[in-house]
Each structure stands twice: as structure tokens, then as C-alpha cells.
Amino acid sequence: MSRTSLAIAAGATTAAAVALAIWIRRRTQSSGTCPLVIRAAVKDDLEHLLVVAGLKDGVGKDITGDGGDYVKEAWVEDWWTRDPRTHFNEFAFIGDLAVGFARCDCFGAPERIESGWLEGLRVHSGYQGRGIMHRLQAHLLCSLPPIVRQQTYLAVGSTNTQMVGICDGGKGRPRYEYIGAFVMHALELPKPARPADDGSCTSTLHVRILDSSEAAWSFFASHPLHTEHKPSRLLLPARFYAFRALTHAAVADKVAGGRITAICRGGTDRGNEGVLALFVNFDSDHKGWPLQTLCSFHTAYFTPGLPLEELRAVLLAFGRSRPTALHSGHPNASSDDLTPGESLTTILVAGPCDNKQPDSATDVEPKLSKVLAAAHFKRSRDTHLRVYKVP
Ligand SMILES: CC(C)(COP(=O)(O)OP(=O)(O)OC[C@H]1O[C@@H](n2cnc3c(N)ncnc32)[C@H](O)[C@@H]1OP(=O)(O)O)[C@@H](O)C(=O)NCCC(=O)NCCS
């Protein structure tokens, strides 16, 4: 071997050794054996959250799809107003620097929480991809009561390719179990509404607020989304845009809050006899997202196999039953920041749709997609929410 070749080989070996040393140093500093300290968050930790989410230096990611992150607003206005028994919040630190945050919001009575929703997962931009969330989340999950741990879900916007990649995992090895896609549609009734002109059979349908949790339970528990899938793909809407597990208590909460509207065939007004669909209201209304007006969110559960015309009639009947202004009987009317009489938009969240591909064009079930527009429900945005279960 010539002198030159020897010199090149030696140089290459040295460069490789240096690169390996840097890589090992980085790994040990920020993951693996690094002194990562995990502790429960307290209300005064907002500053740490802003650092972790990149909201202090402006490098934070567009999480909502509208150009921002909701965590600061949620921390101040929502998360720390809750019973401490219903949410678990943890920070990961390296030295004094907060590098990770994760939270689980729980549903059910505070003394009997039963399912959870992972949210606000954030790792400092300089420390991503080094296993910090893996460790923080494992720690957080261990601190949850076992019943919640078995029923914990999370969601990610379809445009968040980084997190969608993490959730879907490698080929054939998904990290989380996919429940499906959910897509928002805003009700835009024509003015003036002329019910007689649309040629539908809504006049034979009966709309009522369900007052029996047994009737609701028997509808949900026998629904194919629940009986034919493991894990169940039938989730109930919870606070804001979160979902909770289908349980007796969750159904009873919804019924007690007057949040389940049944659309039935005429003449059947007891139990779940003749029920064609149930529309379930989320626990919170929201103003400023996805529209500027106050929005009331719902999901829908249809009796399987409804013909297209009946499906359309059901949606029309629900749409016509919806108030367009906040009134005293509205489930959330007592909330301080809502003004009686202010305009109210109904949002129908269609889902779950089993689109395995994140960018699938069919993120709404094809049959439902055909009738939503005809029933005046207009898609609010191109994206969808991908909901997963933590295995
Ligand atoms: C998403 C985020 C929380 C992940 O945190 P992180 O510390 O970078 O993630 P980790 O390094 O712990 O990776 C977690 C796991 O996902 C895997 N992973 C990481 N990036 C991945 C990718 N692009 N595709 C597939 N898997 C990936 C890792 O290998 C690791 O797997 P393992 O547990 O089997 O080792 C972080 O990157 C972040 O804050 N992003 C911006 C905010 C955000 O999008 N949050 C989620 C909102 S829903």
C-alpha cells in the first residue's frame, strides 16, 4: 500500500472515530443514560411549557393547522381549572432545561376516572428524535390508574407528518392502534330553510333528546363499530375535540347532560325502538376554532345499512332540529363565557373512517360523503384528525 493510501485510510479512520464519539456523546447526553429528570407539572410551570413547545423563541410547530399551537391557551384557560384528580401532567428536564412535556386528560367522575386522552406531547426542538418522548410517555402511562392505562387514546392532525409517522410506525408495526379519521363539517342551512322543497322523507322522522341511558347503551353496545373490532372503534365525544371510551358511565354522562339526540322512525318514541341514528354532543363548545362563531360539535352513529335516501333524511332532520343561536336549554349555556342569543354553528364530526393512508382522499365513509353536502353539511377543512389507541 502506498504512503498516500495509508494516509487516506488513517484519515478516514480518525474521521469515523470522531463522528462515532460525537454520536455516542449526543446519545448519552440527551437520551439513554442522560440524567433525564421527570417530575409532575404544577400550574406555575407555564414558562417551561413555552420553552418546550418553542413558543418563547418562535420555533414552535404549527399544531392546529391554522398556524399555531393551542397549549398556552389550554394551560391557562382550561387544564388548570380542572379537578387535579382528572389530569396528569409531566415534564422532563435535562439540568434546568425543560425538554419534554406530556399530559393525560381523564374522563369519568374524579373518584372513578375510566379513560384517558394523551395530549400536549411536546419535545424541545433541539432534543427531538432522541427517545425523550418515549421515556416521558412511558413514565406518564405508569402513573395512570390501570383502568385508564387500558383505555387511553390520542389524536394527531393529518398534516403533522412527523407525529403521524411516529403513530403509524414502521411497515407492519404500528406504534398505536388506528381507530380512524374524523372530519369536521359545518351546518350551513339555506336561508330561508324550505323544508318542504327538498323531496326528503324527514316528515316521517321523529327527533328527540334521549332520556334513557339503557336505550342509548343498547344502541351503542350492539353497534358493529363496537362489536366487530378490537379495539372497539366506537368512541364517544368528550371535552372539546377529545374522545373517550364507550362505557356505561360515559353513556350515562351524555344522557344526563341532554347530549344525545335520537332520530327515529315516526311513531316510535320509546327506548331505542326505531332509532336510525344517535347524534352525540361533545362536552364543550368552542369559539374561534374552526370558525369564528361559537361552534357546538357532534358525532353521529347510524344504524348500519341505511339506504342513501334515509341517511340523507336523517341528516336533514338533525340539521333542522339544531338551534342557530345559543338558548338557555343548550347543554353548555351555563358556561360563563357564553352569551345567550349569540349565534351558534353546528359542527358534525364524521368518523371514524378506516383510511389507513394518512393522505387518503376518502377520509369520510363514501356513503356518508355522498349525502353530507345534500344535507347542508359543508366540510370545514381538507385535513382530518387521526385517532389512535395506546396499546
Ligand atoms: C412528536 C414528538 C413529541 C416526539 O418526541 P421525540 O422525543 O422526538 O420522540 P422519540 O425520540 O421519543 O421517538 C418516539 C418513538 O418514535 C420513533 N420515531 C421517531 N420519529 C419517527 C418517525 N418520523 N417515524 C417513525 N417513528 C419515529 C422513535 O424511534 C421512537 O421509537 P422507539 O420508542 O421504538 O425508540 C416531538 O418530535 C415533538 O415535540 N414534535 C413537535 C410537536 C408535535 O408534533 N407533537 C405531537 C402533537 S400530536
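Residues numbered from 1 in each chain as written. Predicted model: local features only at pLDDT ≥ 70, side-chain atom pairs only at ≥ 80, totals over all residues.

A. Expanded view of the overall build of the protein chain. Tallying secondary structure elements over the protein chain gives eleven helices and 16 strands in all. Within the protein chain, the proportion of its 391 residues that are buried is 36%. Look at the contacts in the protein chain between residues 6 or more apart in sequence, and 69% of them connect residues 24 or more apart. (Helix = DSSP H or I, 4+ residues; strand = E, 2+ residues; numbered from the N terminus. Buried ≥ 20, exposed ≤ 12 C-beta atoms within 10 Å, placed from the backbone. Contact = placed C-beta atoms within 7 Å.)

B. Just the site of the ligand, in detail. Surrounding the ligand, one finds 19 residues, the nearest of these being Val123, Gln128, Met133, His134 and Gly165. Listing elements by their share of the shell around the ligand, those giving two or more residues are strand 4 (115-123), helix 4 (132-142) and helix 6 (161-168). In terms of residue class, the shell around the ligand is built from eight nonpolar, eight polar and three charged. (Near = placed C-beta within 6 Å. Nonpolar A, V, L, I, M, F, W, Y, C, P; charged D, E, K, R; others polar.)

C. Quick peek at the environment of Pro231. Here Pro231 lies in the loop between helix 8 (224-227) and strand 8 (235-237). Given 18 C-beta atoms within 10 Å, Pro231 falls into the partly exposed group. Residues Pro231 and Glu177 lie 54 residues apart in sequence; the distance between their C-alpha atoms is 7.8 Å. Residues contacting Pro231, with those up to four places away along its chain left out, are Glu177 and Lys389.

D. Inspection of the pairing of strand 11 (residues 275-281) at higher detail. With six of seven residues buried, strand 11 lies mostly within the body of the structure. Here five bridges tie strand 10 (residues 260-265) to strand 11, and the two strands are oriented antiparallel to one another. Opposite Thr261, over in strand 11, you have Phe279 as the bridge partner. Sheet topology note: the strand 11/strand 13 (residues 294-302) ladder contains five bridges and is antiparallel. Its bridge partner lying in strand 13, Val280 is registered against Thr299. (Pairing = 2+ DSSP bridges.)

E. Here's a closer look at unusual backbone geometry. Look at the link from Lys230 to Pro231: it is a cis peptide, with omega at 0°. Residues Gly351 and Pro352 are joined by a peptide bond in cis, for which omega reads 5°. By the secondary structure assignment, Pro352 is in strand 14 (residues 344-353). For Phe240, which is not glycine, the phi dihedral falls at a positive 40°. One can find Phe240 in the loop between strand 8 and strand 9 (243-245). What makes Phe240 partly exposed here is the crowd of 18 C-beta atoms within 10 Å. Look at His376: it is not a glycine, yet its phi comes out positive at around 75°. Structurally, His376 can be placed in the loop between helix 11 (366-372) and strand 15 (377-379).

F. Region of interest: the packing of helix 7 (residues 213-221) against helix 9 (residues 248-256). Axis separation between helix 7 and helix 9 bottoms out at 9 Å; the angle between their running directions is 130°. As far as their axial angle goes, helix 9 and helix 7 are oblique. In terms of crossing hand, the pair formed by helix 7 and helix 9 is right-handed. Contact residues: Ser213, Ala216, Trp217 and Phe220 in helix 7; His248, Val251, Ala252 and Val255 in helix 9. Its residues assigned to classes, the contact of helix 7 with helix 9 comprises six nonpolar, two polar and no charged. (Axes fitted to C-alpha atoms, helices over the stretch in contact; angles between N-to-C directions. Parallel < 35°, antiparallel > 145°, perpendicular 65-115°, else oblique. Left-handed = near helix turned anticlockwise from the far one by under 90°.)

G. Region of interest: the environment of Ala250. When you line up the elements, Ala250 lands in helix 9. Overall, Ala250 belongs to the buried group, with 23 C-beta atoms counted inside 10 Å. Sequence separation of Ala250 and Gly108 is 142 residues, and the distance between their C-alpha atoms is 6.7 Å. For Ala250, the contacting residues outside a window of four places in its chain are Phe107, Leu236, Arg244 and Ala245.

H. Quick peek at helix 9. Within helix 9, the full set of buried residues consists of Ala250, Val251, Lys254 and Val255. Axial view of helix 9: buried residues confined to an arc of 135°, hence all on one face. On its buried side, helix 9 packs onto strand 3 (97-107), helix 7, strand 8, strand 9, strand 10 and strand 11. Backbone geometry just after helix 9 places Gly258 at a positive phi near 65°. (Arc of directions from axis to C-beta.)

I. Region of the structure containing the nonpolar core. Core analysis: the biggest nonpolar cluster contains 94 residues, and Ala216, Leu235, Leu278, Val314 and Leu315 have the highest contact counts within it. Looking at which domains feed residues into this core, each of domain 1 (35-150) and domain 2 (181-386) supplies at least three. (Core = buried A, V, L, I, M, F, W, Y, C linked by C-beta atoms within 7 Å. Domains from an automatic or database assignment.)

J. The arrangement of the confidence of the model for the protein chain in detail. Mean pLDDT over the protein chain stands at 88; residues scoring 70 or higher make up 85%. Per-residue pLDDT stays below 50 along residues 28-32; that stretch engages in eleven contacts with residues further than four places along the chain or on separate chains. (pLDDT = per-residue confidence, 0-100.)

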